[in-house]
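In case you want the letters, here they are:
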Amino acid sequence: MEPEQQENSSPNAAEIIQSLSRSAHFAKEMVYKFKSGSTSVSGPELFDTVKQLDKVIKEIGEALKGMPESPFENNDCLQVNDEAFSKRKRVHLQPTPSLLQSGQENLPRKNVEKNVEGDFHGETTSENLGAANSKGHSYNTSRLIEYARNVSFGDQEKNRSSRISSQSLPRIAEYMDPLYETFFCPLTKKIMEDPVTIESGQTYERRAIEEWFSKCDEKGEGVTCPSTGTKVTNTSLSTNLALKTTIEQWQERNEATRIKLAHAALSLGSSEGMIIEALKEIQGILQKRKHKKEMHKLKMIPLLSQLVEHKDVTVKCEALGTLRLLAKEDEEKELIAQTNAIPLAVRLMSSPGEQLAAVSLLLELSKNSLSLCEKIGSRPGAILLLITIKYNTTDSMVAEKANMTLNNLVKCPKNIKIMAENGLLEPLLSNLIEGPEDMQVDMASYLGKVVLSNESKLHVTKRAATSLIKMACSENLLARRHALISLGQISSYHPSSKPLIEAGILPMLIEQLFNTEDRKDGMELKEFSSAVLVNILESRPNFETLQLNAQGRNMVSDYVIFNIVHMIKSSSLKLIKNLVRILLCLSESPKAMTSIVAAAKGPDTMHMLIELINYSEEDLTIATAKLLILLSAHVGHTLADKLCKTYGQPGNLIKTIDTNEITELASVTANFLAKLPSNNLAFNISLAQRDTLPIALHMLHKIQVGAIRTSRFMGSYLEGLVGILVRFTFTLYDSEILSLAKSHDLSLVLTELLMRPGNDEVQRLAAVGLENLSTETITLSQIPPTLFKKKSNKGILTMFNKPKTTKPETKLCPIHKGVCSSSTTFCLMDSRALETLLACLDHQNVDVVKASLSAISTLLDHRVDVHMGVFVLSKIGAAQQILNVLKEHKDMSVWQKSFWLIEKFMTNGQSLHCILNDKVLPVALVTAFHHGDITTRHLAERVLRLLNKIPNDQVV
């Protein structure tokens, strides 16, 4: 370069160049001795050689510092080298201590060479001379690394880094393997890709010269050569193969060198700026050529994968982008998959800054590779994040790429299942509806295993119900099995029942259920079918309209009911449970209930149902007990009698209610014991002999003091316990049961329950129990025998008699005319239950009011002193409360009891002012007189006569 600028040449430039040449020649000779390997080298000799090399390098540095700047004004590469030599610290080469230890005096030259090249500490500078070589010599990676170190953007060199352009790596490579003027097209001033020679002998880029010729034709001045201006008569173009080959070879060498330089920059842990520049350089090369061998040789893919973990966001994105370009080849895809690139990309999808780059890499990896699709899909969270990005991101480009990635991942069937688990059902449904038979079976299998939300169940039902029903009718047993399982899941959401029924599922289920073919898997298919049928019927459709065939057979026909009852006798426990649940659902239809009762009366059917509650299967016991509770209203006494004759019963049921945790089983069992006919003496005695009453009272106490864990079944369980207590009040004529009621002060217990708000049924039952006890008071209340003896000599007094100490006078109940107490005679007056019953007349629940009125009415029974009963009630304001009942409730049975009590008040002359001045009473009486039943009308008529609303001589 110096001779090209003669006018600016320095006088000593030639001397400097000669000095550099001598120093380089001397260094080469010393290194050559070690490379030859012909003789061994001793430790001291090696030490001297290293010292000489150190001296030579320093001389080279001094010579470069003395070079004039004029030749380098437009040469960034050599200018940077010059700065590197002038500003770097002094470097000393030093052999490793192992070479100087005793006993290693005569090392082979090969080993010496290795240690000289690999174990020297510090940085040499002599290799940088090669950057100025213009003959295109090859350079090894160590020289590139040395140069990359010199131009790195370290923190200590930030000022210098600004002088290096963004094209520093390409320009460095060009200087190491220089360009020639012939490479450039005279028209485009760019390196030619398709050089062609024209008639004038000049070479141009094909596209550029074609455009030139076209413009010349348009001007009509004739075609000329752009460089020489000579006219061209022949416009044919001849490819310059030699030049094209030379350029291609140069490009390959140049790009390989640039890759090495970029690899060096990435390997040295350079600053973010240098790393980003190196990554962009690699991307630029990859967009034109692949250079797979060079990339593999340098192990570029593992290095790029490590950079994905870099702290800088831009570095991460550029590394992901570079991997994406490499992933365009199938071979590179597999190599990338062997690194941690996929897990890192999945993790970075949740970061907005790296999201686009991460999704783009996964998109490229998922193309045309089933194994990589499976690997990406199996990565925890990968599909979930892609689905989230698809539907929730505001960046349309990222959303589109995520969608394309998901479409690629669908090629792996396992991924379809994972997508369904994460809420993306469309791939599964599409394959289920339109796919080949094998694919449909797989999809049905996945659908049966995936946990779906309620909204998803309804969506699947609307999209795939017809396909699943068709599959359930096929000859392929595996397809039928998976279809029924899937139908069982989607039918568990009750709104799905309607579209399933419309799709024609019921005839198929009944056919499957009543199929009499003797097959090994027949029972399992029946279990699946019954489960689907249970789900549909529990949605409470109109059972009478559920047609099964064209002949009018429906779900409540005798054919269905009797077949189901018959199947219970010879089926698996799981199927029996479903069959019982089907009967429970159908029992809501009066027509079906009539058929169920008729079927239950069949031979051994009742005994078989009672036996089912002995099974340890809790769900089966619960379902059976619920069905027996419904049957008890129709065949209750038969049930109670058979239960007493069943081994282990009713003891097993009693043990169930004695629990520390209120479960559904305990609740249903308590209600079953309570709902059996209360006046069945044999059953009540059986319960009494098994300590049922003490157990029920003990459980009530535990609930009241909070000693038992509550649950959602607490209310139902409490109703069952109170119902068990009350059932004993219906058979107090039995001495054993009466003794139990007295000993446990049942009147006080029921009064306390009546005072406990929050559960209407408990209060109603307590009122019923008090009514039964109060009715028994009439019999139990007796006058002491001593009060019947006549007092003798009543009118004769002897003055000599001294006054005797008398016992306290025994008080008699004014209503029952005997000695009463709450514990022994269950008197409402003594137990203070009367005030509580009157308070319950203000209750909103009409059943509670009705039961309270019935209990109060026992105090005006014809066997007691009615006049005193009316007087006591009037004194505590009962008349006004009874009149208020007429205002609040329009129930005829309540009015009937109220009219009866009002009549008692009026005939006994009590509370007349209150009754006569009430404005609602006449209206209620007239309404009942016109619209009530015969009993209510007669009561209303009698009260109207007392009010002078009807003449006494009127005949009705």
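Please read all numbers here as calculations on a predicted model, not as lab measurements. (Residues numbered from 1 in each chain as written. Predicted model: local features only at pLDDT ≥ 70, side-chain atom pairs only at ≥ 80, totals over all residues. Heavy atoms only, no water.)

## Brief notes about the overall build of the protein
Piece 1. Assigned secondary structure in the protein consists of 49 helices and 3 strands.
Piece 2. Per-residue burial for the protein yields a buried fraction of 50% across its 956 residues.
Piece 3. In the protein, 70% of the contacts between residues at least 6 apart in sequence involve partners at least 24 apart.
Piece 4. Within the structure as shown, the protein displays about 48000 Å² of accessible surface, and the carbon and sulfur contribution to it stands at 50%. (Helix = DSSP H or I, 4+ residues; strand = E, 2+ residues; numbered from the N terminus. Buried < 20%, exposed > 50% of the residue type's maximum accessible area, 1.4 Å probe, protein only. Contact = heavy atoms within 4.5 Å. Areas by Shrake-Rupley, 256 points an atom, 1.4 Å probe, with all protein chains shown as cover.)

## Overview of the packing of helix 18 (residues 370-378) against helix 21 (residues 413-421)
Piece 1. Axis separation between helix 18 and helix 21 bottoms out at 9 Å; the angle between their running directions is 25 degrees. Relative to helix 21, the element helix 18 lies roughly parallel. Here helix 18 and helix 21 pass one another in a crossing that is left-handed. Contacts between helix 18 and helix 21 involve Cys373, Glu374, Gly377 and Ser378 on the former and, on the latter, Lys414, Asn415 and Ile418.
Piece 2. By residue class, the composition of the contact of helix 18 with helix 21 is 2 nonpolar, 3 polar and 2 charged. (Axes fitted to C-alpha atoms, helices over the stretch in contact; angles between N-to-C directions. Parallel < 35°, antiparallel > 145°, perpendicular 65-115°, else oblique. Left-handed = near helix turned anticlockwise from the far one by under 90°. Nonpolar A, V, L, I, M, F, W, Y, C, P; charged D, E, K, R; others polar.)

## Concerning the sheet that holds strand 2 (residues 203-205)
Piece 1. Spatial ordering of the open sheet is given by 2-1-3, a layout of 3 strands whose pairing is antiparallel. Each edge of the sheet is formed by a strand with only one pairing partner; in this case those strands are strand 2 and strand 3 (238-239).
Piece 2. Bridge count for strand 1 (residues 195-197) against strand 2 is 3 bridges, and the pairing is antiparallel. The residue of strand 2 that forms the bridge with Val196 is Tyr204.
Piece 3. The strands touched by helix 9 (residues 206-219) are strand 1, strand 2 and strand 3; relative to strand 2, the strand with the most contacts, the crossing angle is about 95 degrees. (Pairing = 2+ DSSP bridges.)

## Remarks on the packing of helix 36 (residues 681-689) against helix 39 (residues 735-743)
Piece 1. Put simply, helix 36 and helix 39 touch, their axes get as near as 10 Å, and they point 50 degrees apart. On the basis of their axis angle, the class for helix 36 and helix 39 is oblique. Here helix 36 runs over helix 39; the crossing is left-handed. Along the contact surface, helix 36 presents Leu681, Asn684, Ile685, Ala688 and Gln689, while helix 39 presents Glu736, Ile737 and Leu740.

## Remarks on the side chain of Thr621
Piece 1. Relative to the elements of secondary structure, Thr621 occurs in helix 33 (residues 618-645).
Piece 2. Judged by its relative accessible area of 7%, Thr621 is buried.
Piece 3. From its side chain, Thr621 meets the backbone oxygen of Tyr615 in a polar contact 3.1 Å long.
Piece 4. Discounting chain neighbours no more than four positions away, the residues touching Thr621 are Leu612, Ile613, Tyr615 and Leu665. (Polar contact = N/O pair within 3.5 Å; in protein donor to acceptor, adjacent residues only side chain to side chain.)

## Thoughts on the confidence of the model for the protein
Piece 1. Across the protein, pLDDT averages 82, with 81% of residues at or above 70.
Piece 2. Confidence drops under a pLDDT of 50 for residues 1-9, and excluding neighbours within four residues, the segment shows 12 contacts in the predicted structure.
Piece 3. Scored below 50 in pLDDT, residues 96-167 makes 135 contacts in the model with residues more than four places away or belonging to other chains. (pLDDT = per-residue confidence, 0-100.)

## Notes on helix 19 (residues 382-392)
Piece 1. Listed as buried for helix 19 are Ala382, Ile383, Leu386, Ile387 and Ile389. Along the axis of helix 19, the buried residues cluster in a sector spanning 160 degrees; they form a single face. Exposed side of helix 19, more than 90 degrees from the buried face: Tyr391 and Asn392 are the residues found there.
Piece 2. Of the surrounding secondary structure, the elements contacted by the buried residues of helix 19 are helix 16 (341-348), helix 17 (355-365), helix 18, helix 20 (396-409) and helix 21. (Arc of directions from axis to C-beta.)

## Focus: the side chain of Glu903
Piece 1. The topology assignment puts Glu903 in helix 46 (residues 892-907).
Piece 2. Residues in contact with Glu903, not counting those within four places in the same chain, are Leu939, Arg942, Val943 and Leu946.

## Some details on unusual backbone geometry
Piece 1. Cis geometry marks the peptide bond from Gln649 to Pro650, where omega comes out at 0 degrees.
Piece 2. With respect to the secondary-structure elements, Pro650 resides in the loop between helix 33 and helix 34 (651-657).
Piece 3. Residues other than glycine seldom take positive phi values, yet Ser911 does so here, at roughly 55 degrees.
Piece 4. One can find Ser911 in the loop between helix 46 and helix 47 (912-916).
Piece 5. Given the relative accessible area of 18%, Ser911 is considered buried.

## Digging into the nonpolar core
Piece 1. Formed by 187 residues in total, the largest nonpolar core has its most connected members in Leu487, Ile505, Leu631 and Phe899.
Piece 2. A total of 12 residues in this core trace back to one element, the largest contributor, which is helix 33.
Piece 3. Once residues lying within four places of it in the same chain are set aside, the contact partners of Phe899 are Leu886, Leu921, Ala924, Leu925, Ala928, Thr936, Leu939, Ala940 and Val943.
Piece 4. Of all hydrophobic cores here, the second largest spans 57 residues; its members include Ala278, Leu298, Leu303 and Leu406. (Core = buried A, V, L, I, M, F, W, Y, C linked by side-chain atoms within 4.5 Å.)

## Observations regarding the state of the cysteines
Piece 1. Summed over the entire model, instances satisfying the criterion amount to 0 disulfides.
Piece 2. No disulfide involves Cys820; its nearest neighbouring cysteine sulfur is the one of Cys813, lying 3.9 Å away. (Disulfide = S-S within 2.5 Å.)

## Describing the pattern of salt bridges
Piece 1. Counting across every chain of the model gives 21 salt bridges.
Piece 2. Two residues, Lys328 and Glu364, come together in a salt bridge whose shortest N-O distance is 3.5 Å. Of this pair, Lys328 sits in the loop between helix 14 (313-326) and helix 15 (330-337) while Glu364 sits in helix 17; the two residues are 36 residues apart in sequence, bridging distant segments of the chain.
Piece 3. A single network of salt bridges, built from pairs that share partners, joins Asp194, Arg206 and Lys244. (Salt bridge = Lys/Arg side-chain N within 4 Å of Asp/Glu carboxyl O.)

## Focus: the packing of aromatic side chains
Piece 1. Tallied over the entire structure, the rule returns 3 aromatic pairs.
Piece 2. Centre to centre, the rings of Phe514 and Tyr559 are 5.6 Å apart; their planes meet at 85 degrees, and the pair counts as edge-to-face. One end of the pair, Phe514, is in the loop between helix 27 (505-513) and helix 28 (522-537); the other, Tyr559, is in helix 29 (residues 558-568), with 45 residues separating them in the sequence.
Piece 3. Given the relative accessible area of 12%, Phe514 is considered buried.
Piece 4. A relative accessible area of 34% means that Tyr559 is categorised as partly exposed. (Phe/Tyr/Trp six-rings, centres within 6.5 Å; stacked < 30°, edge-to-face > 60°.)

## Some points on helix 9
Piece 1. Taking 1.5 Å of rise per residue, the 14 residues of helix 9 would be expected to cover 20 Å, and the 20 Å separating its terminal C-alpha atoms lies within 8% of that figure.
Piece 2. Along helix 9, the residues classified as buried are Ala208, Ile209, Phe213 and Cys216. Across the axial projection of helix 9, the buried residues extend over an arc of 135 degrees, all falling on one side. Opposite the buried face of helix 9, by more than 90 degrees, sit the exposed residues Arg207, Lys215, Asp217 and Glu218.
Piece 3. Where helix 9 is buried, its residues touch strand 1 and strand 2.
Piece 4. Gly220 sits one or two residues past helix 9 and shows a positive phi near 75 degrees. (Expected span 1.5 Å × (residues − 1).)

## A short note on the environment of Val866
Piece 1. Its location among the elements puts Val866 in helix 44 (residues 866-875).
Piece 2. Accessibility expressed as a relative area gives 17% for Val866, which makes it buried.
Piece 3. In this structure the C-alpha to C-alpha distance between Val866 and Lys904, which are 38 residues apart in sequence, comes to 8.0 Å.
Piece 4. In contact with Val866, other than residues within four places in its own chain, are Leu860, Asp861, Lys904 and Asn908.

## A closer look at the environment of Ile610
Piece 1. Residue position: Ile610 is located in helix 32 (residues 605-612).
Piece 2. Residue Ile610 is classed as buried on the basis of its relative accessible area, which comes to 1%.
Piece 3. C-alpha of Ile610 to C-alpha of Thr646: the two residues are 36 residues apart in sequence and 7.8 Å apart in space.
Piece 4. Beyond its immediate chain neighbours, meaning those up to four positions away, Ile610 contacts Leu628, Leu639, Lys642, Leu643 and Thr646.

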